[in-house]
Amino acid sequence: MASVLFRGIQTHPFLLYRSALFTTKKAVPYCRMECTQVQTATQDNPKSQTKISSTNPNKTLNKLMENYEAIIGIETHVQLSTLTKAFCNCPYNYGSQPNTSICPICMGLPGTLPVLNSKIIEFAVKVGLALNCNLSLNSKFDRKQYFYPDLPKGYQISQFDVPIASGGFIDLDLPVEFGGGHRRFGITRVHMEEDAGKLLHAGEGSYSQVDLNRAGVPLLEIVSEPDMRSGIEAAEYAAELQRLVRYLGVSNGNMQEGSLRCDVNVSVRPIGQSEFGTKVEVKNLNSFSSMNRAIDYEISRQVALHSQGQCDQIVQETRLWEEGAQRTVTMRKKEGLSDYRYFPEPDLPEVILSQEYVDNIRNSLPELPEKKRRRYEKMGLSMQDVLFLANDLNETYQVAAFFDATIGKDADVKLAANWIMGDIAAYMKNERVSVDEIKLTPEELAELISSIKGGTISGKIGKEILFELMSKGGTVKGLIEEKDLVQIVDPVEVEKMVDKVLSENPKQLQQYRGGKTKLQGFFAGQVMKASKGKANPALLNKILLEKLNDKS
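Heads up: these notes are all about the structure in this document. (Residues numbered from 1 in each chain as written. Predicted model: local features only at pLDDT ≥ 70, side-chain atom pairs only at ≥ 80, totals over all residues. Heavy atoms only, no water.)

1. Some words on the overall build of the protein chain
- Check the secondary structure of the protein chain and you find 17 helices and 19 strands.
- Scored against the burial criterion, the 552 residues of the protein chain give a buried share of 49%.
- Considering only contacts within the protein chain whose residues lie at least 6 apart along the sequence, 71% involve residues at least 24 apart.
- A total of about 27400 Å² of accessible surface is found on the protein chain, and carbon and sulfur atoms cover 51% of it. (Helix = DSSP H or I, 4+ residues; strand = E, 2+ residues; numbered from the N terminus. Buried < 20%, exposed > 50% of the residue type's maximum accessible area, 1.4 Å probe, protein only. Contact = heavy atoms within 4.5 Å. Areas by Shrake-Rupley, 256 points an atom, 1.4 Å probe, with all protein chains shown as cover.)

2. Brief notes about the sheet that holds strand β8 (residues 155-158)
- Read from one edge of the open sheet, 3 strands run β8-β7-β18, paired in antiparallel fashion. Edge positions in the sheet fall to β8 and β18 (343-344), since each has one partner strand and no second. (Pairing = 2+ DSSP bridges.)

3. Structural notes on the pairing of strand β13 (residues 218-224)
- Extensive coverage of β13 is indicated by the burial of 7 of its 7 residues.
- The side-chain alternation of β13 yields two buried faces, one formed by P218, L220, I222 and S224 and the other by L219, E221 and V223.
- Where strand β4 (residues 68-79) and β13 come together, 5 bridges link them in antiparallel fashion. Of the residues in β13, the one forming a bridge with Q79 is L219.
- The sheet contact formed by strand β10 (residues 182-194) and β13 spans 7 bridges and is antiparallel. The residue of β13 that forms the bridge with I187 is S224.

4. Some points on empty space enclosed by the protein
- All chains considered together, the criterion is met by 1 cavity of 30 Å³ or more.
- Put simply, the largest cavity is a space of about 100 Å³.
- Around the largest cavity sit 15 residues that line it, and C106, K153, E194, A215 and G216 are the ones nearest its centre.
- Class assignment of the residues belonging to the lining of the largest cavity gives a composition of 9 nonpolar, 1 polar and 5 charged. (1 Å grid on protein atoms, 1.4 Å probe; cavity = no way out; pocket = protein on both sides within 12 Å on 5 of 7 lines; lining within 4 Å. Points joined across faces, edges and corners; volume = space filled by probe spheres on them. Nonpolar A, V, L, I, M, F, W, Y, C, P; charged D, E, K, R; others polar.)

5. Focus: unusual backbone geometry
- With a phi close to 55 degrees, Q326 is a non-glycine residue in the positive phi region.
- Among the secondary structure elements, Q326 is positioned in the loop between β16 (317-322) and β17 (327-333).
- With relative accessibility at 32%, the residue Q326 sits in the partly exposed group.
- Here R341, not a glycine, exhibits a phi torsion of approximately 50 degrees, which is positive.
- Structurally, the position occupied by R341 is in the loop between β17 and β18.
- Owing to a relative accessible area of 53%, R341 belongs among the exposed residues under this scheme.

So, in structure tokens, the structure goes:
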């Protein structure tokens, strides 16, 4: 029966009917679930609805928070980029046709046994070390019992009382535009577990379909301490986690694909009170900006209820963030703590790590975002430059690598940062390309900076060369020779051009000497035009100023 069911779902993955729990079609049964009313979120009771001003949310929030403090903690699920699932050989590819990457183990069919993917252990140790955690050299898996239609076994393989890592922290720098500053947030634990499947709800809302492709995909759950106090701190914490897992190469961290999912717990309390308030969980956060807005809204909602003497209206519940309405709405109430009836997973052995194994992984870790930021800071870069270069959210962090490769060729650090953050970043944005897709190489950028700094070409010519290098490629020296772009540094030649421009513009010369000194720019522009941009700017301005002020 089990093998027939498995083959049937593989052959017809999405034939899920409403007429019966098991419906037969061509002698093959298909699983489906039906509900009298499907509702992902219910609106709050209108009587207890609290209005939050949206005219100036930041000003409103700051005023409301004068007497209250927000307490925020985050549970983050990171989907690991392993080739196969946690306990079987099935691959997982985001966007695959439903129920095409499954096997009897994914489906939880009777008689199947899990076999641990060792890559999960390696990735978990990497993340634990990167988060400054204490590793458990002896840990185990546990069964977390609960019923949900997309959890085929009726339990989830997870870790309970002995996680693989605990007691860590993460350091980050807040953006300059939000006041800047360094923050350290505690990490309670990191544990390994498997993902559940996915429910796809029918348009008319009378039934749901089950896709088990995601069932058994390996996850790391990272639980923070309740150390955050605002939406921006929480959003930056999540962004730093994304950077971390991408630097480590353990996950692509794409929130849109569900590779990084954050559930936020928010409560407020009067300033000076030691006990935590009633916490509310907020879900459906698909970007860092939406996380920021959702948390700030939820803080405002709870503070408003506190200030109106309606604390009893704040209940332990799960709320969804509605992006369109810019508010949270009740999803489900929580009557109390869930009893998951954990017990050790009998089908998997303990996870035992040797110190040598841990040390080898520690020695293989790349330079992490925090260390990179501190290194850039020691180079003399401003915090704005540091955050732009080190906090690039691209999956492969090419910008930081490109910068490091450029200064590795002895390019001036500040000039390299300026070129990358300025003209190169603008070009990439306009052309919608990444830094590894442009034709410019770090070696040629270093050569360009050296040519400008050494006086071989002017900054203006340098920009022209830069855009050609980005779009067509080539070498700096080759383009300089091909287009005869070498800067004119001979004082006699520059003086001849200045004299010619002054003799051709007697009216403007008279106006300059009559007090209109801003005309110096006009004369400089005419000389640069005559030299086709090749005149050395410093030499040009020196000779021009001498000639303009010489009234003999």
